[in-house]
Amino acid sequence: MSNNNRVTPEEALSYHIEPVPGKYEIVATKPMTTQRDLSLAYSPGVAVPVQAIADAPGTAYDYTTKGNMVAVISNGTAILGMGNLGALAAKPVMEGKAVLFKRFADVNAIDIELDSEDPEELIRAIKLMGPTFGGINLEDIKAPECFIIEQRLKEEMDIPVFHDDQHGTAVICAAGLINALHLTGKKIEDCRIVLNGAGAAGIACLELIKAMGAKHDNCIACDTKGVIWQGRTEGINQWKSAHAANTDARTLEEAMVGADVFLGVSVKGAVTPEMLASMADNPVIFAMANPDPEITPEEAHAIRPDAIVATGRSDYPNQVNNVLGFPYLFRGALDIHARAINDEMKIACAEALAELAREDVPDEVAMAYGKKLSFGRDYIIPTPFDPRLIYTIPPAVARAGMDTGAARRPIVDMDTYRHNLKARMDPTASVLSGIAARAKAAQARMIFAEGDDERVLRAAVAYQRSGYGKALVVGREHDVKEKLKQAGLGDAYRELEVVNAANTRHLESYRAFLYQRLQRKGFDTHDIHRLATRDRHVFSALMLAHGHGDALVTGATRKSAHVLELINHVFDARAQDGAVGVTALLNKGKIVFIADTLVHEWPEPEDLATIAERAADVARSLGLEPRVAFLSFSTFGYPVSERATKMHMAPQVLDRRGVDFEYDGEMTVDVALNPAAMARYPFCRLTGPANILVMPARHSASISVKLMQEMAGATVIGPILAGVDKPIQVCGTVSTVNDILNMALLAACEVG
């Protein structure tokens, strides 16, 4: 299987520089608007917590960010697979690690790049930062210095110090191994285990699985010089020698004979078919070299159909991905104010991950990945976007820390802790990742109607290069080629399929179809020819109608009302046809759908009920259970107004239709979204804040969306066109490249 996530240098640089350089910013958590706010935040108010911390240092976790702050530290001596490029060059990677902490476990992280290769200088510098942070994540520091630095810091600091290149890989590897052995009926203490790649990650893997019960004499480690055997002197250091085996094997090939488990943290092609063939029954192969594994799953299964295979790649099953470990390990450690992350906490993390993979996979996870996932040989490790991780792994880590004395402040109520963790999860991120995963599974041929616009072309290139499917661009070949060149994507011209009226074989059938639809609506054959050959929106819709593409995205260059009018020449996408526009607003971890933002100008009660049903379908397609509020300036009949009457009547229409989702109204927006305000109306049928807001008219819907976008910085997806026979999405004229791509992914999700 090829890696479909190819990223061009231009795309990577654009991502890191737009809209502002870098990948994160600092946001104040307290108001800073009045003189009183400033007096509390700084002088004189700040003196009070200063004195409290001086009197009782542990209260720093209560009055400052220390308890939720991790330093991501590197000197750039082993950046990814690129080698020693220096501290400054490591900054993009460390920023990336910092945002992963925030995204997956709501841990605040700051990247720190230290310009030294002297272990003593690094140890001193990091140790001096101890008061600032609740934990230290070391990253991309070369061996053997990384061993020295981590060990000393663990001895001398009273907060967790964790070198993720070592232990992150080890924890996920251990989780996968637990389940692989469970499936094969083998016990870890009986298994013969071969490691290839005795660097930081490899040695950490061996140490952890030995702590879990693997026997020293059953584990053979290999490096570039062969087996690390007792008595070998060449290329040996104290960390390798600790794992020297009493064996006659001298090469990887010899070590693999009869082995139950292979752990690879080495290089592409290190494992040959002959080596694999010599292994024991039901071999476990963890080929974790990146970007290319020691042996691919296809190659492994061709030789050994009984093998269980994991890699470090996202485009194969069973990905050994560090993001399953480090965010949740630190979350659990921070929440007990841990002094360290010990072996018991790492093993607890591995066991919790393994147990989670054996549980029934919820529908929202299956929906996100476009397929049903169930425990077995191709699913031994949970997926990174499983929403259960945040409230499953940290409690296990915290419990192990408490049981082993690593906790300064034990958690008393574990059920409340799990509930609080669940509330930390940002549902918007899982929705977006779910859209992307389902789009990738659909592999839709996406028609990009406006091939004369640079944003559209960049989105089309991103769609195809990211592996979502084939991009069909409607435009003139010369124009497309020139605009791609101007965008720095000249090489992409050969990859895209450019379609127009001049190069299609289907023009005659397009015109006949269009004439059949429009001949009684005042259009003659000349009008039909002009529409089919000169209007890209109509031409694109005709392509879609004839199955020459699977989905369509348009609207980036023309007003949505005009685009819809043109699309209606080919499809039935009017209000009377049941079409509806639904816009998703994503802000501060919340998702709200606004409807109708595209089609209905002034809907009546029956229309409002249809809008609610279509919006509920959209919400469910994105993995959310709909709760609909019909909004007005009045709440449940007060104040009395003729304009609010239809919002009062719409729920009655749904009553008659017998729909299967929650709804109520009419109500003001604060009652719909604020639990405290809603609680004043105990008869309200909603069990929680509404996530679908049906507006009285298109103008109020549009104003609401744009106000949230401009004043609150909400992310906007839509308007999503629902209720049309084919997948069509209409962008806004101010759409960015990412907006257009998101709309294409939404359209792709409807395919199949």
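The text that follows walks through the structure, step by step, so that each part is easy to find. (Residues numbered from 1 in each chain as written. Predicted model: local features only at pLDDT ≥ 70, side-chain atom pairs only at ≥ 80, totals over all residues. Heavy atoms only, no water.)

Things to note about the packing of aromatic side chains
This model, assessed by the stated rule, comprises eleven aromatic pairs. With a centroid separation of 5.5 Å and an interplanar angle of 55°, the aromatic rings of F636 and Y681 are classed as tilted. Of this pair, F636 sits in the loop between strand 17 (627-631) and helix 27 (645-657) while Y681 sits in the loop between helix 29 (675-678) and strand 19 (692-694), and the two are 45 residues apart along the sequence. Grouped by ring-pair contacts, the aromatic residues F101, F162, F326 and F330 constitute a single cluster. R250 extends its terminal NZ or CZ atom over the ring of W229, reaching a point 3.9 Å from the ring centre. Taking the ring centre of W602 as reference, the NZ or CZ of K646 above it sits at 3.2 Å. (Phe/Tyr/Trp six-rings, centres within 6.5 Å; stacked < 30°, edge-to-face > 60°. Helix = DSSP H or I, 4+ residues; strand = E, 2+ residues; numbered from the N terminus. Lys NZ or Arg CZ within 6 Å of the ring centre and 35° of its normal.)

Looking at empty space enclosed by the protein
Tallied over the entire structure, the rule returns one cavity of 30 Å³ or more. Approximately 30 Å³ is the volume attributed to the largest cavity. Elements that contribute at least two residues to the lining of the largest cavity include exactly helix 19 (427-442), strand 15 (580-587) and strand 20 (715-722). Considering only residue class, the lining of the largest cavity consists of nine nonpolar, no polar and no charged. (1 Å grid on protein atoms, 1.4 Å probe; cavity = no way out; pocket = protein on both sides within 12 Å on 5 of 7 lines; lining within 4 Å. Points joined across faces, edges and corners; volume = space filled by probe spheres on them. Nonpolar A, V, L, I, M, F, W, Y, C, P; charged D, E, K, R; others polar.)

As for helix 15 (residues 343-358)
For the α-helix, the turn length of 3.6 residues means that residues three or four positions removed from each other point alike. When the terminal C-alpha atoms of helix 15 are compared, their 23 Å separation across 16 residues agrees well with the 22 Å that a helix rising 1.5 Å per residue should span. What helix 15 keeps buried is the set M345, K346, I347, A348, C349, A350, A352, L353, A354, L356 and A357. Along its buried surface, helix 15 packs onto strand 4 (161-163), helix 8 (164-184), helix 9 (200-211), helix 14 (326-335) and helix 17 (389-403). Measuring from the backbone nitrogen of E344 back to the side-chain oxygen at the start of helix 15 gives 3.2 Å, which picks out N342 as the cap. (Expected span 1.5 Å × (residues − 1). Buried < 20%, exposed > 50% of the residue type's maximum accessible area, 1.4 Å probe, protein only. Contact = heavy atoms within 4.5 Å. Polar contact = N/O pair within 3.5 Å; in protein donor to acceptor, adjacent residues only side chain to side chain.)

Some remarks on the environment of A340
Among the structural elements, A340 can be located in the loop between helix 14 and helix 15. Assessed through its relative accessible area of 29%, A340 is described here as partly exposed. Residues A340 and S241 lie 99 residues apart in sequence; the distance between their C-alpha atoms is 26 Å. In this view, A340 contacts I159, P160, M345 and A406; residues no more than four positions away in its chain are not counted.

Topic: a nonpolar patch on the surface
On the surface, L80, M82 and L85 cluster together into a nonpolar patch covering about 330 Å² of accessible area. Its place among the elements puts M82 in the loop between strand 1 (69-74) and helix 5 (91-105). (Patch = residues over 30% accessible without salt bridge, like charges linked within 9 Å, V, L, I, M, F, W, Y side chains within 5 Å. Areas by Shrake-Rupley, 256 points an atom, 1.4 Å probe, with all protein chains shown as cover. Salt bridge = Lys/Arg side-chain N within 4 Å of Asp/Glu carboxyl O.)

Topic: the packing of helix 8 against helix 15
Two numbers describe how helix 8 lies on helix 15: the axes approach to 8 Å, and their chain directions differ by 45°. Our classification of the angle between helix 8 and helix 15 gives oblique. In the packing of helix 8 onto helix 15, the handedness of the crossing is right-handed. For the pair helix 8 and helix 15, the contacting residues are H167, V171, I172, A174, A175, I178, N179 and H182 in the first and K346, C349, A350, E351, L353, A354, A357 and R358 in the second. Of the residues assigned to the contact of helix 8 with helix 15, the class counts are ten nonpolar, three polar and three charged. (Axes fitted to C-alpha atoms, helices over the stretch in contact; angles between N-to-C directions. Parallel < 35°, antiparallel > 145°, perpendicular 65-115°, else oblique. Left-handed = near helix turned anticlockwise from the far one by under 90°.)

Some points on helix 8
With 21 residues, helix 8 ought to run about 30 Å at 1.5 Å a step, and its terminal C-alpha atoms sit 29 Å apart, in line with that. Within helix 8, 17 of the 21 residues are buried, leaving the element largely enclosed by the surrounding structure. Following helix 8 by one or two positions, G185 has its phi on the positive side, about 75°.

Quick word on the sheet that holds strand 1
Each strand in a sheet pairs with another by means of backbone hydrogen bonds, the pair being arranged parallel or else antiparallel. The strand order across the open sheet built from four strands is 2-1-3-4, with neighbouring strands paired in parallel fashion. Because the sheet does not close on itself, it has two edges, and the strands there are strand 2 (108-113) and strand 4. Averaged over neighbouring strand pairs, the angle between their axes works out to 25° when direction is ignored. Relative to strand 4, strand 3 (residues 135-138) runs parallel, the two sharing three bridges. Looking at the pairing, N137 lines up with F162 of strand 4. In the packing of helix 7 (residues 145-156) onto the sheet, the strands contacted are strand 3 and strand 4, and the crossing angle to strand 4 comes to about 165°. (Pairing = 2+ DSSP bridges.)

Comments concerning the pairing of strand 18 (residues 662-667)
Counting buried positions along strand 18 yields five of six residues, so the element is predominantly enclosed. Bridge count for strand 17 against strand 18 is five bridges, and the pairing is parallel. Across the sheet, the residue bridging to A629 is D664, located in strand 18. In this fold, strand 17 hands off to helix 27, which returns the chain to strand 18; that crossover is right-handed. (Right-handed = clockwise from strand over helix to strand, strands pointing away.)

Some thoughts on the sheet that holds strand 18
In spatial order, the strands read 18-17-19-16-15-20; together these six strands make up an open sheet with mixed pairing. Either end of the sheet is taken by a strand with one partner, and the two such strands are strand 18 and strand 20. Here the average twist between neighbouring strands, direction ignored, is 20°. In the sheet, strand 17 pairs with strand 19 via three bridges, with the strands oriented parallel. Looking at strand 19, one finds that F630 is bridged to V694.

Overview of the packing of helix 15 against helix 17
Relative orientation of the contacting elements helix 15 and helix 17 amounts to 145°, with a least axis distance of 8 Å. Considering the relative orientation of helix 15 and helix 17, their crossing is right-handed. Residues E344, M345, A348, C349, A352, L353 and L356 of helix 15 touch helix 17, and the partners they reach there are L389, T392, I393, A396, V397, A400 and G401. Considering only residue class, the contact of helix 15 with helix 17 consists of eleven nonpolar, two polar and one charged.

What to know about the nonpolar core
One finds I136 and L263 to be the most contacted residues of the largest nonpolar core, which totals 101 residues. The element contributing the most residues to this core is helix 8, with nine residues. Excluding its chain neighbours within four sequence positions, the residues that come into contact with L263 are C173, I193, V194, L195, N196, C205, I209, F286 and M288. Judged by nonpolar contacts, the second largest core, of 68 residues, contains A439, V456, L741 and A747. (Core = buried A, V, L, I, M, F, W, Y, C linked by side-chain atoms within 4.5 Å.)

Things to note about the side chain of E450
Within the secondary structure layout, E450 lies in the loop between strand 11 (446-448) and helix 20 (454-465). A distance of 3.1 Å separates a polar side-chain atom of E450 from the backbone nitrogen of G555. Polar side-chain contacts of E450 include one of 2.7 Å to the side chain of T557. Contacts of E450, omitting those with residues within four sequence positions, involve V456, V474, R536, H537, T554, G555, A556, T557 and R558.

Concerning a negative patch on the surface
Side chains of D248, E253, E254 and E274 sit close together on the surface and give a patch of like negative charge. Mapped onto the elements, E274 comes out in helix 12 (residues 273-277). Taking the relative accessible area as the measure of exposure, E274 reaches 53% and is therefore exposed. (Lys, Arg positive; Asp, Glu negative; His and termini not counted. Charge placed at Lys NZ, Arg CZ, Asp CG, Glu CD.)

Considerations on the side chain of T184
In this structure, T184 sits in helix 8. Setting aside residues no more than four positions away along its own chain, T184 makes contact with N282, I308 and R377.

Regarding the pattern of salt bridges
Note that side chains of opposite charge can pair when their charged atoms are close. Inspection of every chain in the model, using the stated rule, returns 43 salt bridges. Here D62 and R409 are joined by a salt bridge, their closest N and O atoms 2.7 Å apart. With D62 in helix 4 (residues 60-63) and R409 in the loop between helix 17 and helix 18 (414-424), this pair connects stretches of sequence that are 347 residues apart. Given the relative accessible area of 42%, D62 is considered partly exposed. Overall, the relative accessible area of 36% leaves R409 in the partly exposed class. Two residues, E482 and K485, come together in a salt bridge whose shortest N-O distance is 3.9 Å. Taken together, the residues span about one helical turn, with E482 and K485 both in helix 21 (residues 477-486) at a distance of three residues. Overlapping salt bridges bring together K91, E95, D111 and E113 as one network.

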